[in-house]
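Close look at the chain arrangement
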Amino acid sequence: MKKRKYLLAAYIFLIFLLTGCSRADSLTGGKTATGEDKDYDWLPQTAGEKEILLYDKYDQRIITYDIDQHKVIQKNDTLNYLQFEFNDLTSDIYTTGHSIENDYKIIKLGKDKIDILYEADQMEALFPLAYRDPEYMIFLKCTYQDNGAELYGDRVVCRFNEKTKTLTEIAETKGMRVTNGAIVGDMLYLTEYDAGTDRYALYMLSMSGNEKPILLLDNLAAGEIYSNNDALWISDASKIYCYEDDAVCFPKKILNYFYSNALVQIDISANGSLELIVTNVETKKLEADTEGVIDVRIFDGKIKAYTDKAIVDLSRGMTSDLTLPVEKSGREK
């Protein structure tokens, strides 16, 4: 039962994109259509130096974490109200919103504060797709009718610039049923879902021009794609493999992140807890393994796991250098 629950949480974002998420027709008595209080739209805060803001990767919610007690102090667990991350351990950008009421925003998560960068229109939802840097990050924008049905013809991929706070539609992607994205060099890769076949297609388009997406592959079993060391990785139901050489592959877990020479994965351990596994991409050697993980971040070029028992520097004791230079790491420690 526990494993089934974890798997359901991990794929909730994909379900939103494949089926669309409905929106309330009306609000009465200070309640949402599903019965929550109308003041659901809040995020955790910190109170003192012993508390920091993190992202619970299993629960898909921002939390307040006590660094001494190693436990979650605050979390908004309102039904249908979630935060969504990029598949990038260095990024501090998320979206937050309600799958019924919408109220989607692009936010920036700091150690002790959250900044709102952009607010979507009421009939829109925003989901992170691919991250390169603060001036070039890619989101998926979905638009809904009053009855809750998604206008699939209006689904579009957008570029967001943190400095200018502008969200720009990539017109050539409008109407595509995009589910996942990755940036490799100057190219943006997207997967599109085909409801008729229940399969995916892989497209490529230049981030510098106004060219139409180019079809690379079709009939894919899964839509998840990844970027690492200037290479594209694609996946099926059970493995992740290099696009250029499918003989180079790794087992696919519930959550999968690349960082330099490290493949960081979250899965279910034998005792039912969340397990964090770090594998060297070049040698395929297991470099780290820890349980009870809540969040994993890149700070000062180091892979740090925040668990229910400790804060673990996974870079210590590794047999090879898996990290990037400090200046390419995420937000401050």
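Residues numbered from 1 in each chain as written. Predicted model: local features only at pLDDT ≥ 70, side-chain atom pairs only at ≥ 80, totals over all residues. Heavy atoms only, no water.

The next subject is the overall build of the protein chain. Assigned secondary structure in the protein chain consists of two helices and 26 strands. Taken across its 333 residues, the protein chain has 55% of its residues classed as buried. Contacts in the protein chain between residues at least 24 apart in sequence constitute 44% of all its contacts with a sequence separation of at least 6. In the form shown here, the protein chain has an accessible surface area of approximately 15100 Å², with 47% of it arising from carbon and sulfur atoms. (Helix = DSSP H or I, 4+ residues; strand = E, 2+ residues; numbered from the N terminus. Buried < 20%, exposed > 50% of the residue type's maximum accessible area, 1.4 Å probe, protein only. Contact = heavy atoms within 4.5 Å. Areas by Shrake-Rupley, 256 points an atom, 1.4 Å probe, with all protein chains shown as cover.)

In this structure, I93, I106, I138, F139, V157 and L188 are the most contacted members of the largest nonpolar core, which totals 36 residues. Elements with a contribution of two residues or more to this core: β4 (81–85), β6 (102–109), β8 (124–133), β9 (136–143), β10 (156–161), β12 (178–184), β13 (187–194) and β14 (199–206). Other than its neighbours up to four places away in sequence, V157 contacts L129, I138, F139, L140, T168, E169, I170, T173, V178, L188 and L190. Counting residues in each nonpolar core, the second largest holds 20 residues, with L89, V264, A305 and L314 among its members. (Core = buried A, V, L, I, M, F, W, Y, C linked by side-chain atoms within 4.5 Å.)

Strands pair in a sheet through their backbones, by hydrogen bonds, and they do so in one of two ways: parallel or antiparallel. Strand order in the open sheet made by the three strands is β1-β2-β3, with antiparallel pairing throughout. Where the open sheet ends on each side, the last strands, each with one partner, are β1 (51–56) and β3 (71–75). Pairs of neighbouring strands in the sheet enclose a mean axial angle of 40 degrees, with direction left out of account. Relative to β3, strand β2 (residues 61–66) is paired through four bridges, and the arrangement is antiparallel. The residue of β3 that forms the bridge with Y65 is V72. (Pairing = 2+ DSSP bridges. Axes fitted to C-alpha atoms, helices over the stretch in contact; angles between N-to-C directions.)

As a further point, take the pattern of salt bridges. A complete count under the given rule lists 19 salt bridges for this structure. A salt bridge links D186 to R132; the nearest nitrogen and oxygen atoms lie 3.8 Å apart. With D186 in the loop between β12 and β13 and R132 in strand β8, this residue pair connects regions lying 54 residues apart in the sequence. Judged by its relative accessible area of 53%, D186 falls in the exposed class. Linked through salt bridges whose partners overlap, the residues forming this network are D56, D59, R61 and K75. (Salt bridge = Lys/Arg side-chain N within 4 Å of Asp/Glu carboxyl O.)

Moving on, we get to the confidence of the model for the protein chain. Summing up the model confidence of the protein chain, the mean pLDDT is 86 and the portion of residues at 70 or higher is 83%. Contacts from residues 21–34, a stretch scored under 50 in pLDDT, to residues over four places away or in other chains number 40 contacts. Across residues 324–333, where pLDDT falls below 50, the model places 28 contacts with residues more than four positions away in sequence or in other chains. (pLDDT = per-residue confidence, 0-100.)

So, about the sheet that holds strand β20 (residues 255–259). Strand order in the open sheet formed by four strands is β20-β21-β22-β23, and the pairing between neighbours is antiparallel. Each end of this open sheet is capped by a strand with a single partner; those strands are β20 and β23 (286–291). Here the average twist between neighbouring strands, direction ignored, is 15 degrees. Here β20 runs beside strand β21 (residues 262–268); their pairing, made up of five bridges, is antiparallel.

In this section: the environment of Y55. Relative to the elements of secondary structure, Y55 occurs in strand β1. Separated by 241 residues in the primary sequence, Y55 and V296 have C-alpha atoms spaced 8.4 Å apart. In contact with Y55, not counting residues within four places along its chain, are Q60, R61, I62, I63, Q83, F84, E85, Y94, I294 and D295. At a separation of 2.7 Å, a polar atom in the side chain of Y55 contacts the main-chain carbonyl oxygen of Q83. (Polar contact = N/O pair within 3.5 Å; in protein donor to acceptor, adjacent residues only side chain to side chain.)

A few words on unusual backbone geometry. Backbone geometry at K165 places phi at a positive 60 degrees, although glycine is not the residue there. Within the secondary structure, K165 is located in the loop between β10 and β11 (166–169). Since its relative accessible area comes to 36%, K165 is described here as partly exposed. Located in the positive-phi region is N229, a residue other than glycine, with phi close to 50 degrees.

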